[in-house]
Amino acid sequence: MRIVLITDRPFAAREPVTAMSSSFDFNESAFRSLIENEAQAAINELAARQTGELDELRQHFTGHPIEEIKPALQELFAKDGGSITEPELSDWAQLISDGTRIQMSPQAIDWSE
């Protein structure tokens, strides 16, 4: 890909026209690879952070009723723009109440679509 930028500014009768030209080569494959790697790293980081937050919920709420745990779970997901609804909400709240560790395991992003 080649991009050429030419700019002209208005000029008075005796003022010369100033033009600027620039170009660069764009390696689309390298750019795509960089974006894919950064996106996957962000997903992996989010999963690790959420696993840590779920561990904190488990430590705090083991033995508590699930109705007490549900709002904390919903808040955890909402702060990252997500949501958790029934039946997963009740299932996960029960696991936390039972003291079961929940680990978020990110999958590789499928870029084929």
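Note that the structure is a prediction, hence the values are computed from the model and not measured.

### Regarding unusual backbone geometry
A negative phi angle is the norm for most residues apart from glycine, just as the trans form is the norm for most peptide bonds. Here the bond from glutamate 86 into proline 87 is cis, since omega is 5 degrees, no more than 30 degrees from zero. One can find proline 87 in the loop between α2 (66-78) and α3 (88-98).

### Focus: the side chain of glutamate 53
Position of glutamate 53 among the secondary structure elements: in helix α1 (residues 28-61). For glutamate 53, a relative accessible area of 13% gives the class buried. Setting aside anything within four residues of it in sequence, one finds glutamate 53 in contact with Leu76 and Lys79.

### With respect to α3
For α3, the full list of buried residues reads Leu89, Ser90, Ala93, Ile96 and Ser97. The arc that holds every buried residue of α3, seen down its axis, measures 125 degrees, which confines them to one face. Tucked into the core, α3 has its buried residues touching α1 and α2. Among the residues trailing α3, glycine 99 stands out with phi positive, at a value near 85 degrees.

### Overview of the packing of α1 against α2
Packing of α1 against α2 brings their axes to within 11 Å, and their N-to-C directions diverge by 165 degrees. By the criterion of interaxial angle, the relationship of α1 to α2 is roughly antiparallel. In this structure, α1 crosses over α2, and the sense of that crossing is right-handed. From α1, Gln50, Glu53, Leu54, Leu57 and Phe61 reach across to α2, where they touch Glu68, Ile69, Ala72, Leu73 and Leu76. Of the residues belonging to the contact of α1 with α2, the class tally is seven nonpolar, one polar and two charged.

### Re the packing of aromatic side chains
Scanning the model with the defined rule gives two aromatic pairs in all. Arranged with centres 5.4 Å apart and planes meeting at 50 degrees, the rings of phenylalanine 26 and phenylalanine 31 form a pair that is tilted. Phenylalanine 26 sits in the partly exposed class, given a relative accessible area of 34%. By relative accessible area, which is 43% here, phenylalanine 31 ends up partly exposed.

### Observations regarding the side chain of serine 97
Tracing the backbone shows serine 97 in helix α3. The exposure class of serine 97 is buried, given its relative accessible area of 13%. What serine 97 contacts, discounting residues up to four positions off in sequence, is Phe61, Thr62, Gly63, His64, Ile66 and Ile69.

### Brief notes about the pattern of salt bridges
Applying the stated criterion across every chain, the model contains eight salt bridges. Between lysine 70 and glutamate 86 there is a salt bridge, with the nearest N and O atoms lying 3.0 Å from each other. Here lysine 70, found in helix α2, pairs with glutamate 86, found in the loop between α2 and α3; they are 16 residues apart in sequence, far enough to count as distant. Here glutamate 86 falls in the partly exposed class, since its relative accessible area comes to 43%. One continuous salt-bridge network, built from bridges that share partners, spans Arg49, Glu53, Lys79 and Asp80.

Reading the values: rules and limits
- Residues numbered from 1 in each chain as written.
- Predicted model: local features only at pLDDT ≥ 70, side-chain atom pairs only at ≥ 80, totals over all residues.
- Heavy atoms only, no water.
- Helix = DSSP H or I, 4+ residues; strand = E, 2+ residues; numbered from the N terminus.
- Buried < 20%, exposed > 50% of the residue type's maximum accessible area, 1.4 Å probe, protein only.
- Contact = heavy atoms within 4.5 Å.
- Arc of directions from axis to C-beta.
- Axes fitted to C-alpha atoms, helices over the stretch in contact; angles between N-to-C directions.
- Parallel < 35°, antiparallel > 145°, perpendicular 65-115°, else oblique.
- Left-handed = near helix turned anticlockwise from the far one by under 90°.
- Nonpolar A, V, L, I, M, F, W, Y, C, P; charged D, E, K, R; others polar.
- Phe/Tyr/Trp six-rings, centres within 6.5 Å; stacked < 30°, edge-to-face > 60°.
- Salt bridge = Lys/Arg side-chain N within 4 Å of Asp/Glu carboxyl O.

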